[in-house]
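Now for the letters of each chain:
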Amino acid sequence: MTFSICVREAYETPDGETHDRFGVAVTTRLPGVGTLCPFASENGAVATQSLVNVDLGRDGIRYVDDGLAVDDALEALLEADDGASQRQLHGVDADATFAFSGEDCEGWFGDLEGDHYTVAGNLLVGESVLEATADAYAESAVHETTDETAGAGVGADPLAKRLIDALEAGHGEGGDKREELPIQSAAVVVETTEDYEFTPPYNDLRVDASESPIEDLRETYELALEGYEDTLDRYEDAFEEDSLEEAAE
C-alpha cells in the first residue's frame, strides 16, 4: 500500500536551547493517506500501514505521550490486535525505535531501523525503495546547531522538506508497484518541543488525491514556507509586542 519514514532529531537553537523534533512522511497509490497513516507529537512519531488500523497510530502516540517507550507501546498494541499479521507499524521516540511487518503483508514488504529513524513499506518494487528513502534522510540528518523556525535560511533545511526529499528518493526507485492505480497521495507531519510565536504551516501538509503526489507535496511545502516567511515579515512588530507583553506579566 505504501512506504513511510519516521524520524527523531535533537537540535539546539542559536540561543542555546535544546529541543527534539519528530516527523513522519508517507506516500501510497491510494487517496487520503494523510488521514490514516502518519501520527506525531512532541514525544514521538508513528506510522501505521498495510491493512491499516488507525487505532494503532492514534493509540501508539497517546501511549508515548503518557510516558511509555515507543517499542513497549507499539508491541503492546500489536499483541492485542487480531489482525497484527497483516499490519506494518513503526515509529520513534526520544530514545528508541521500533519496526514491525506482519508475515501476511502483501507483495514485497519490509522495514529498516537506523539512527533515530525507521522506514517501512509494502507492495513495493523491492527493498531498494526503503534503502533509498533511508539513505536520503540519513545524508540530510541534522548533527549541528540549527533553527527550525528560520526555515531554509539558517542551518539545515527544515525537517519537513528533508522528509519529502526522502520520499522522492524512494519513489525514484519505483515506489509502490501498483502502476494500474494512478490516483495517489502523500503527507508529511512534524512536531517539535520548541514553542513558536506562529506555528509553521509547512509542518503539517497533505496531498489527498493526485497523479503526482510527491511533486505536489513539494510545491505545497514551498508555497507554505513562502507564506510563513511573508507572514513573519509582515507581522514581525506585532509578534515582538506580544512577546514584550508576556514578559511584563
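Fair warning: this is a prediction, and the values are worked out from it, not measured in the lab. (Residues numbered from 1 in each chain as written. Predicted model: local features only at pLDDT ≥ 70, side-chain atom pairs only at ≥ 80, totals over all residues. Heavy atoms only, no water.)

### As for the packing of helix α1 (residues 54-65) against helix α2 (residues 70-79)
At a minimum axis distance of 9 Å, the contact between α1 and α2 shows a crossing angle of 140 degrees. Considering the angle they form, α1 stands oblique to α2. Every pair of crossing elements has a handedness; the one defined by α1 and α2 is right-handed. Contacts from Leu56, Asp59, Gly60, Tyr63 and Val64 of α1 reach α2 at Val70, Ala73, Leu74, Leu77 and Leu78. Looking at the contact of α1 with α2 residue by residue, the class counts come to 8 nonpolar, 1 polar and 1 charged. (Axes fitted to C-alpha atoms, helices over the stretch in contact; angles between N-to-C directions. Helix = DSSP H or I, 4+ residues; strand = E, 2+ residues; numbered from the N terminus. Parallel < 35°, antiparallel > 145°, perpendicular 65-115°, else oblique. Left-handed = near helix turned anticlockwise from the far one by under 90°. Contact = heavy atoms within 4.5 Å. Nonpolar A, V, L, I, M, F, W, Y, C, P; charged D, E, K, R; others polar.)

### With respect to the pattern of salt bridges
Considering all chains together, one arrives at 11 salt bridges under this definition. The partner of aspartate 20 in a salt bridge is arginine 8, and the shortest N-O contact between them spans 3.1 Å. Here aspartate 20, found in strand β2 (residues 18-28), pairs with arginine 8, found in strand β1 (residues 2-12); they are 12 residues apart in sequence, far enough to count as distant. Here aspartate 20 and arginine 8 have matching classes, each one buried. Here aspartate 81 ties to arginine 87 by a salt bridge, and the two come within 2.7 Å at their closest N and O atoms. (Salt bridge = Lys/Arg side-chain N within 4 Å of Asp/Glu carboxyl O. Buried < 20%, exposed > 50% of the residue type's maximum accessible area, 1.4 Å probe, protein only.)

### Observations concerning the packing of aromatic side chains
All told, the structure shown has 3 aromatic pairs when counted by the stated rule. Plain terms: the ring middles of tyrosine 117 and tyrosine 137 are 5.6 Å apart, the flat faces sit at 70 degrees to each other, and that makes the pair edge-to-face. Taken together, the residues span a long stretch of sequence, with tyrosine 117 in strand β8 (residues 117-124) and tyrosine 137 in helix α3 (residues 127-140) at a distance of 20 residues. As far as burial versus exposure is concerned, tyrosine 117 and tyrosine 137 are alike and both buried. An aromatic cluster of at least three residues, connected via ring pairs, comprises Tyr202, Tyr221 and Tyr228. One cation-aromatic arrangement involves arginine 21 over tyrosine 11; the distance from NZ or CZ to the ring centre is 4.0 Å. (Phe/Tyr/Trp six-rings, centres within 6.5 Å; stacked < 30°, edge-to-face > 60°. Lys NZ or Arg CZ within 6 Å of the ring centre and 35° of its normal.)

### Overview of the confidence of the model for the protein chain
Looking at the protein chain, the pLDDT average stands at 89 and 87% of residues meet or exceed 70. Confidence drops under a pLDDT of 50 for residues 148-155, and excluding neighbours within four residues, the segment shows 26 contacts in the predicted structure. Contacts from residues 243-249, a stretch scored under 50 in pLDDT, to residues over four places away or in other chains number 1 contact. (pLDDT = per-residue confidence, 0-100.)

### Digging into the environment of glycine 23
Summarising the element assignment, glycine 23 is placed in strand β2. When its relative accessible area of 0% is taken as the criterion, glycine 23 is described as buried. Between the C-alpha atom of glycine 23 and that of glycine 91, which follows or precedes it by 68 residues, the distance is 9.6 Å. When residues no more than four places from it in sequence are discounted, the contact partners of glycine 23 are Ile5, Cys6, Val7, Ala45, Leu159, Leu163, Val189 and Val190.

### Examining helix α5 (residues 213-234)
Compared with the 32 Å implied by 1.5 Å per residue over 22 residues, the 31 Å span of α5 between its first and last C-alpha is a close match. Every buried residue of α5 is listed here: Pro213, Ile214, Leu217, Arg218, Tyr221, Ala224, Leu225 and Tyr228. End-on view of α5: buried residues confined to an arc of 135 degrees, all on one side of the axis. Relative to its buried face, α5 has exposed residues pointing more than 90 degrees away, namely Glu215, Leu223, Asp233 and Arg234. (Expected span 1.5 Å × (residues − 1). Arc of directions from axis to C-beta.)

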